[in-house]
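# Survey of secondary and tertiary structure
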Amino acid sequence: MNLRILLFAGLAETCGSTFLEVELPDVCSVAELQTVLAQTQPKLKKATYRVAVNSVYVEDDFQLAMNAEIALIPPVSGG
């Protein structure tokens with residue numbers, strides 16, 4: 001499946017884009033997505049972020065589905 005991954009804040013700056021497109025197997029977990037991203041986007045290998053699917057944070061074992069909105073969200077601080 002071909003997925004579009006949204007990038008926010010510093011992750012978008014690091015990658016030079018607000019999104020990435022990746023090709024994954026039809027059955028794929030968040031952990032597998034992160035492995036592919038680390039291989040194809042070396043800048044993300046050391047980055048800290050959470051994965052959200054359809055605006056909800058998910059764990060590494062969550063199974064991704066085609067047409068889901070997937071976002072990588074870095075830690076946010078403010079004051």
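Calculation rules
Residues numbered from 1 in each chain as written. Predicted model: local features only at pLDDT ≥ 70, side-chain atom pairs only at ≥ 80, totals over all residues. Heavy atoms only, no water. Core = buried A, V, L, I, M, F, W, Y, C linked by side-chain atoms within 4.5 Å. Buried < 20%, exposed > 50% of the residue type's maximum accessible area, 1.4 Å probe, protein only. Helix = DSSP H or I, 4+ residues; strand = E, 2+ residues; numbered from the N terminus. Contact = heavy atoms within 4.5 Å. Pairing = 2+ DSSP bridges. pLDDT = per-residue confidence, 0-100. Phe/Tyr/Trp six-rings, centres within 6.5 Å; stacked < 30°, edge-to-face > 60°. Lys NZ or Arg CZ within 6 Å of the ring centre and 35° of its normal.

### Comments concerning the nonpolar core
- If you look at the biggest cluster of nonpolar residues, it comprises 23 residues, and the most contacted ones within it are Leu64, Ile70 and Leu72.
- Elements supplying a minimum of two residues to this core: β1 (2-7), α1 (10-15), β2 (19-23), α2 (30-40), β4 (50-53) and β7 (70-73).
- When neighbours within four sequence positions are excluded, Ile70 is seen to be in contact with Leu3, Arg4, Ile5, Leu6, Leu33, Val51, Ala52, Val53 and Leu64.

### Considering the sheet that holds β7
- Spatially, β2-β1-β7-β4-β5 is the arrangement adopted by the 5 strands of the open sheet, whose pairing is mixed. Edge positions in the sheet fall to β2 and β5 (56-57), since each of these pairs with one other strand and no more.
- Direction of pairing for β1 relative to β2: antiparallel, over a ladder of 5 bridges. From the neighbouring strand, Ile5 faces β2, where its bridge partner is Leu20.

### Regarding the side chain of Ser29
- By the secondary structure assignment, Ser29 is in strand β3 (residues 28-29).
- Residue classification places Ser29 among the buried residues on the basis of a relative accessible area of 8%.
- The residues touching Ser29, leaving out its near neighbours within four places in the chain, are Asp60, Asp61, Phe62, Gln63 and Leu64.

### Let's talk about the confidence of the model for the protein
- The pLDDT averaged across the protein works out to 92; a share of 96% of its residues lies at or above 70.
- Confidence, expressed as mean pLDDT per element, reaches its minimum in the protein at α1 with 91 and its maximum at β5 with 97.

### Description of the environment of Lys45
- Along the chain, Lys45 falls in the loop between α2 and β4.
- Of the residues examined, Lys45 reaches a relative accessible area of 63% and is grouped as exposed.
- For Lys45 and Gln34, which are 11 residues apart along the polypeptide, the C-alpha to C-alpha distance reads 8.5 Å.

### A look at the packing of aromatic side chains
- Enumeration over the complete set of coordinates arrives at 0 aromatic pairs.
- The ring centre of Phe19 lies 3.6 Å from the NZ or CZ of Arg4, which sits over that ring.
- Between the NZ or CZ atom of Arg50 and the centre of the ring of Tyr57, over which it lies, the distance is 4.5 Å.

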